[in-house]
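Examination of the molecular architecture
Here is what each chain is made of, one letter per residue.
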Amino acid sequence: MSNATQMKDVPTAVTNTQRYDAVVVGAGFAGLYMLKRLRALGLRVRVFEAGSNVGGTWFWNKYPGARCDVESLEYSYSFDEDLQQDWVWPERYAEQPVILKYLNHVADRFDLRKDIELNQRVSSAHYDSEGCLWTLSTQRGDVVEAPFCVMATGCLSTAKLPEIPGIDRFKGKWYHSGLWPEQGVDFTGQRVGVIGTGSSAVQMIPLIAKEAKQLYVFQRHANFVVPAHNRPLDAAVHQAHQENYVEHRAEAQLTPFCIGGHPKPTKKAFEVSAQERQATYETKWAKGGAISFLYTYTDLLVSKEANETAGEFVRQKIRQIVKDPQTAEDLCPNDHYIGTKRLCVDTGYFETYNRNNVRLVNVQKAPIQQIEPEGLKTENESFALDAIVFATGFDAMTGALFEIDIRGKQGAELKTKWADGPATYLGLMTAGFPNMFIVTGPGSPSVKTNMVCAIEQHVDWIADCVEQIRAQRLHEIDADPSAQAHWTQHVNDVGDSTLYPLANSWYVGANVPGKPRVFTPYVAGLDVYRKKCDEVAAQNYAGFLKR
Ligand code: N01
């Protein structure tokens, strides 16, 4: 048989298609651990990562001051005792380069890289019901197929630029916090404009202010910010924590947000006197951290009046710190209840507005009209700028999934199915897309808990499920549409019992024009959720259809 005849017999697509047991999209905290777990089951796994290195969120968000707002000793993997004994966290809150180093260490330590393809952005994932196979294509043109597909694409991975006309005409340089250049940016001597005042902006503004000749911060809505009080981790504290890591993790797992060391509140805000409340908030302010501050009274996130006591405390602090009264007033949040948008954690944010080279521009009063070749124009003023930083957030929760052309049974598009908002069973699977798992998907605690805990819990559950499906010689698992409808309603009901849905936050998709307004995280707590997932698994995956 000639070579030509051989080639003719085999369709090109099949020749180029690599076959695996599972494909994982993303090599951040979720993808790395997913790979490790699936490999341990004996599966042949391929991981596709769009970035040029592992790390996910911590690879892309390299902006000045990027740092985690969950304490290092809590925001780390718990799956390997030796790893948590060996790794030393230098600071209370780890900065981005340290977390990225940690994730690189994990990739090397567990020899994960050989199954990860970098610079490979997945463009489509299509399911074939007959063969029970997912086919994934990458932008580079590679095609792989596998019975199982895991989307470890992250909740905040799709950078969102604002709908401001003229960006393409700007003669200076512009940056987005979530797509920061590898080599960093030197703002020395420049006139810089930062658009946005969310968590990313709050972290970068104090550092950019130190470099720039002039910094303008364009703020549409002010945010609540509490101090981080970051500091080097005391060696003795670190060691004591490490010696009891197992107990610390177990304690954390009993909390809604999977972080230990914070006594559970027992009282409502108005069950104590105004003086006691003030003193308690002062203690929390001095201690630092967002979780601690919001975990003061049982009703802070369900009662407007209770919430307002904490909100007003922070406003008073802003007025004390910021010297110019008008700037202070502009920095006082007035459009949402504290904690219903992500509570920001800072190091010197409000103090930065006392610098001579920093000016807050209230673009709620005079909106930004356009970006011009030389800078930016608001309704009543022009600003000459050398650089613009968009700290304008992300198309959260569904953005990264929708960037991929995902099609399930009968070619149904995920985007179309979720046109009115995402629907999942347990945030893990969505009906009609068999064998496709989502790590920290909409309808799971995800961004409203310690992400690393949420990821580990999901990855463990998914790996156990895949193991069971294979052990039972089944081909397919899918969310039962009625279980999914019931769960989605439950997620909404729990959300509606809180103040969260009232805020125009990315939690409800309010930052993306046209996005359906749905509060997608499950806010009953990771502790409650974990129990539910374990029960479902123990009942041979009740609420899932198997064949
Ligand atoms: O984004 P955001 P982020 N004109 O969406 C403004 C996590 N994170 O990147 O409020 C003017 O919070 C927008 O204004 P407004 C964390 O979960 C964690 O800061 O919509 N302004 C807002 O001020 C966080 O919540 C860490 O009026 C415009 C800002 O841009 C999430 O990531 C660090 C605008 C966007 O804020 C996202 O945070 C960083 C426009 N056209 C991030 N469009 C830590 O762990 C948008 N804005 C510490």
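Anything mentioned here points back to the structure above.
Notes on the structure in this doc start here. (Residues numbered from 1 in each chain as written. Predicted model: local features only at pLDDT ≥ 70, side-chain atom pairs only at ≥ 80, totals over all residues. Heavy atoms only, no water.)

So, helix 3 (residues 29-40)
Taking 1.5 Å per residue as the helical rise, helix 3 with its twelve residues ought to reach 16 Å, and the 17 Å between its terminal C-alpha atoms agrees with that figure. In terms of residue burial, helix 3 counts as a mostly covered element, since nine of its twelve residues are buried. Those residues of helix 3 not exposed but buried are Phe29, Ala30, Gly31, Leu32, Tyr33, Met34, Leu35, Arg37 and Leu38. Among the residues trailing helix 3, glycine 42 stands out with phi positive, at a value near 90°. (Helix = DSSP H or I, 4+ residues; strand = E, 2+ residues; numbered from the N terminus. Expected span 1.5 Å × (residues − 1). Buried < 20%, exposed > 50% of the residue type's maximum accessible area, 1.4 Å probe, protein only.)

Examining the sheet that holds strand 19 (residues 405-407)
Strand order in the open sheet formed by five strands is 1-7-6-5-19, with mixed pairing between adjacent strands. The open sheet is flanked by strand 1 (17-19) and strand 19, the only strands paired with a single partner. Within the sheet, the average angular offset between the axes of one strand and its neighbour, ignoring direction, is 20°. The sheet contact formed by strand 5 (residues 122-128) and strand 6 (residues 133-138) spans six bridges and is antiparallel. The partner of tyrosine 127 across the bridge, within strand 6, is tryptophan 134. (Pairing = 2+ DSSP bridges. Axes fitted to C-alpha atoms, helices over the stretch in contact; angles between N-to-C directions.)

Topic: the packing of helix 17 (residues 451-471) against helix 19 (residues 526-538)
At a minimum axis separation of 11 Å, helix 17 and helix 19 run at an interaxial angle of 0°. One way to sum up the angle between helix 17 and helix 19 is to call them roughly parallel. Only Leu526, Tyr529, Arg530, Cys533, Val536 and Ala537 of helix 19 make contact with helix 17, whose side of the interface consists of Cys453, Ala454, Gln457, His458 and Trp461. Here the residues of the contact of helix 17 with helix 19 are counted per class, giving eight nonpolar, two polar and one charged. (Parallel < 35°, antiparallel > 145°, perpendicular 65-115°, else oblique. Contact = heavy atoms within 4.5 Å. Nonpolar A, V, L, I, M, F, W, Y, C, P; charged D, E, K, R; others polar.)

Concerning the packing of helix 3 against helix 17
Contact geometry of helix 3 with helix 17 gives a least axis separation of 9 Å together with a crossing angle of 30°. Classified by the interaxial angle, the pair formed by helix 3 and helix 17 is roughly parallel. In this structure, helix 3 crosses over helix 17, and the sense of that crossing is right-handed. Here helix 3 contributes Phe29, Ala30, Tyr33, Met34, Arg37 and Leu38 to the contact with helix 17, which in turn contributes Val452, Ile455, Glu456, Val459, Asp460, Ile462, Ala463, Asp464 and Val466. (Left-handed = near helix turned anticlockwise from the far one by under 90°.)

Structural notes on the state of the cysteines
Per the counting criterion, the structure on display carries one disulfide. Here cysteine 258 connects covalently by a disulfide to cysteine 453, the sulfurs 2.4 Å from one another. Taking the torsion about the sulfur-sulfur bond, which here is approximately -75°, the covalent link between cysteine 258 and cysteine 453 counts as left-handed. Of the two residues, cysteine 258 sits in the loop between helix 9 (245-253) and helix 10 (274-287) while cysteine 453 sits in helix 17, which places them 195 residues apart along the sequence. Under the relative-accessibility criterion, cysteine 453 is labelled buried at 12%. Here cysteine 465 is not cross-linked by a disulfide; its sulfur's nearest cysteine counterpart is in cysteine 533, at 11 Å. (Disulfide = S-S within 2.5 Å.)

Section: unusual backbone geometry
At asparagine 119, a residue that is not glycine, the phi angle is positive and equals roughly 55°. Classification of asparagine 119 as partly exposed rests on a relative accessible area of 45%. The phi dihedral of glutamine 410 falls on the positive side, at around 50°, and the residue is not glycine. Along the chain, glutamine 410 falls in the loop between strand 19 and helix 16 (414-417).

Section: the packing of aromatic side chains
The geometry of an aromatic ring pair is captured by two quantities: the separation of the ring centres and the angle between the planes. On inspection of all chains with the given rule, the structure shows 40 aromatic pairs. Between tyrosine 175 and tryptophan 180, the ring centres sit 5.3 Å apart and the planes meet at 35°, which makes this aromatic pair tilted. Comparing tyrosine 175 with tryptophan 180, the two get one shared label, buried. The cationic tip of lysine 36 hangs over the ring face of phenylalanine 110; the distance from NZ or CZ to the ring centre is 5.0 Å. Of note, lysine 62 hangs over the ring of phenylalanine 59, and the distance from its end group to the ring centre comes to 3.7 Å. (Phe/Tyr/Trp six-rings, centres within 6.5 Å; stacked < 30°, edge-to-face > 60°. Lys NZ or Arg CZ within 6 Å of the ring centre and 35° of its normal.)

So, the environment of serine 273
Along the chain, serine 273 turns up in the loop between helix 9 and helix 10. Owing to a relative accessible area of 37%, serine 273 belongs among the partly exposed residues under this scheme.

So, the environment of aspartate 534
Following the sequence through the fold, aspartate 534 ends up in helix 19. Through-space distance from the C-alpha of aspartate 534 to that of valine 459 is 13 Å; in sequence the pair is 75 residues apart.

Focus: the nonpolar core
The biggest cluster of nonpolar side chains holds 84 residues, and the ones touching the most others in it are Phe29, Tyr77, Trp89, Phe437, Trp461 and Phe544. A per-element tally of this core places helix 17 first, with eleven residues. Setting aside chain neighbours within four positions, we find phenylalanine 544 in contact with Tyr425, Leu426, Met429, Trp461, Ile477, Asp478, Ala479, Asp480 and Val536. By size, the runner-up hydrophobic cluster in this structure holds 52 residues, among which are Phe187, Trp285, Tyr297 and Tyr349. (Core = buried A, V, L, I, M, F, W, Y, C linked by side-chain atoms within 4.5 Å.)

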